[in-house]
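Residue-level listing of the chains:
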Amino acid sequence: MSNSQDSPKQYDIAVVGGGIGGLCLAVGLLRNNIPIQVYEAAPAFAEIGAGVAFGSNATRAMSLIDPAIKSGFDKRATNNGFDEKRKYWFDFRYGQEKGSEDRVGKLIYKLESPAGQSSVHRAHFLDELVKLVPDGVAKFGKRLEHVDDKGDHVVLHFHDGSTAKHSAVIGCDGIKSRIRQIVLGEQHPAAHAVFTKKYAYRGLIPMDQAARLLGDELARNSQMYLGYHGHVLTFPIENGKTMNVVAFQTKHDGKWEQDAWVVPMKKEDMFKDFEGWGKHVRDIL
C-alpha cells in the first residue's frame with residue numbers, strides 16, 4: 001500500500017502573506033506534502049520591526065509544525081545574559097512611583113517561564129525560515145485585492161491585474177489583513193484594526209553602551225519598568241549584541257489622527273511622555 005501522504009493531492013492551497021506566520025504555515029504544509037503557493041505583496045521576503053519574544057507555547061508549536069523551524073529559531077534566539085536568569089521571562093520593576101521615589105528601579109516580581117526570555121530579531125528569524133522554503137513556492141509583488149469564491153475553488157485577484165486559481169486560501173497577511181476583511185465583510189467591527197490608545201517608541205541600543213548606562217544585570221537581562229499609563233521593556237537580541245527597547249504610552253483622547261501607523265518621533269515629545277520617571281528609564285530614552 002502506498003503512503004497517503006505521498007500520493008498526489010487533488011487540491012492546492014494559496015497562502016497570502018510571507019512573514020513569520022505565513023512561512024511557518026508554508027513549511028508545515030510542505031512537510032505534509034500539500035501543494036501550496038505563497039503570495040507576498042513585497043518585492044522580497046522582509047520583516048519590519050526588530051526584536052520579538054516568543055513564549056513557551058509558541059516555541060513548542062515550532063517543534064510540532066516542523067523541528068527545522070525550532071532549530072532555525074534556536075540558532076538566532078537570544079536568552080537572558082545571566083545563566084541564573086535563563087528561566088525568567090521578565091523582571092518587573094518600578095519605573096515610576098509618585099510619592100515613593102525611593103522605590104523607583106526596585107524589583108517588584110520575577111516571572112518564571114519554561115522558555116525564559118526567548119527573543120529574536122524578526123528579520124534574522126525570517127532568514128532561517130526562507131531557507132526551508134523551496135524556490136518557486138513564493139511569488140512576490142502580489143498584493144491581494146479580492147477573492148471570488150467559486151464553491152469548489154477560489155480565484156485570487158491581485159493589484160497588478162493577475163489572477164490565481166486555488167482550492168482554498170489562507171490569510172497570513174498581518175494586522176492589516178485583506179483576507180480578514182474579505183471573510184468577515186468590509187463593515188464588520190473586527191475587519192479593521194483599531195487604535196487601542198497605546199503607542200510605543202522603539203529603538204535599539206548597542207549592548208556595550210546599554211551596559212555602561214544601566215549595569216550588566218539590567219542591560220543583559222529582560223526588564224519591565226512599570227508606571228502610570230505606560231511601561232518600558234528591554235531585552236537582549238542578536239546574541240546579546242543589542243538591547244531592544246519598546247516604551248509604551250497612552251493617548252488619553254483615544255485618537256490616532258495620522259494615516260501612517262509608524263511616524264517619525266520628536267525627542268522632546270518622548271521625554272515629555274516619560275517626565276517624572278526614574279533614572280533607569282530616562283537613561284534608556
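In the annotation of an unreviewed UniProt entry, the entry for the chain reads FAD-binding domain-containing protein, and the organism field reads Cryomyces antarcticus.

Engineer: What exactly am I supposed to notice about the overall build of the chain here?
Structural biologist: Within the chain one finds nine helices and 15 strands. With the principal axes as the frame, the chain shows a C-alpha extent of 70 × 45 × 25 Å. Counting the 285 residues in the chain, one finds 38% classified as buried. Here the contacts in the chain between residues at least 6 apart in sequence split such that 65% fall between residues at least 24 apart. Just so you have it, the chain exposes about 15900 Å², and 52% of that area is on carbon and sulfur atoms.

Engineer: What is the right way to look at the pattern of salt bridges in this model?
Structural biologist: Opposite charge on two side chains permits pairing when their charged atoms draw close. The tally for this structure, following the rule as stated, stands at 15 salt bridges. The salt bridge partner of Asp 91 is Lys 85, with a shortest N-O separation of 2.8 Å. Close ionic contact of Glu 128 with Lys 131 constitutes a salt bridge, the shortest N to O distance being 3.2 Å. Judged by relative accessible area, which is 7%, Glu 128 ranks as buried. When its relative accessible area of 55% is taken as the criterion, Lys 131 is described as exposed. Bridged by salt links that share partners, the residues Lys 75, Arg 76, Glu 128 and Lys 131 form one connected network.

Engineer: Is there a simple way to think about the sheet that holds strand β10 (residues 163-166) in this case?
Structural biologist: For sheets, the rule is that strands pair by backbone hydrogen bonds, running either parallel or antiparallel. If you walk across this open sheet you meet the three strands as β8-β9-β10, and the pairing is antiparallel. Each of the sheet's edge strands pairs with one partner strand only, and the pair in question is β8 (144-149) and β10. Strand-to-strand, the axes of this sheet are offset by a mean angle of 20 degrees, without reference to chain direction. Note: strand β9 (residues 154-158) against β10, four bridges, orientation antiparallel.

Engineer: What should I look at first to understand helix α4 (residues 122-130) in this one?
Structural biologist: Since the α-helix advances by 3.6 residues per turn, residues separated by three or four positions end up pointing in the same direction. For α4, every residue scored as buried is listed here: Phe 125, Leu 126, Glu 128 and Leu 129. In an axial view of α4, the angular spread of the buried residues amounts to 155 degrees, which keeps them on one side of the axis. Contacts from the buried residues of α4 go to α1 (20-31), β3 (51-54), α2 (56-65), α3 (67-76) and β6 (118-121).

Engineer: Which parts of the structure should I look at to understand the pairing of β10?
Structural biologist: The side chains of a regular strand alternate between the sheet's two faces. Judged by which residues are buried, β10 turns out to be one-sided: Ala 164 and His 166 face inward and are buried, whereas Thr 163 and Lys 165, on the alternate face, are not. Connecting the antiparallel pair β9 and β10 is a turn made up of four residues, with Gly 161 showing a positive phi of about 95 degrees.

About the thresholds
Residues numbered from 1 in each chain as written. Predicted model: local features only at pLDDT ≥ 70, side-chain atom pairs only at ≥ 80, totals over all residues. Heavy atoms only, no water. Helix = DSSP H or I, 4+ residues; strand = E, 2+ residues; numbered from the N terminus. Buried < 20%, exposed > 50% of the residue type's maximum accessible area, 1.4 Å probe, protein only. Contact = heavy atoms within 4.5 Å. Areas by Shrake-Rupley, 256 points an atom, 1.4 Å probe, with all protein chains shown as cover. Salt bridge = Lys/Arg side-chain N within 4 Å of Asp/Glu carboxyl O. Pairing = 2+ DSSP bridges. Axes fitted to C-alpha atoms, helices over the stretch in contact; angles between N-to-C directions. Arc of directions from axis to C-beta.

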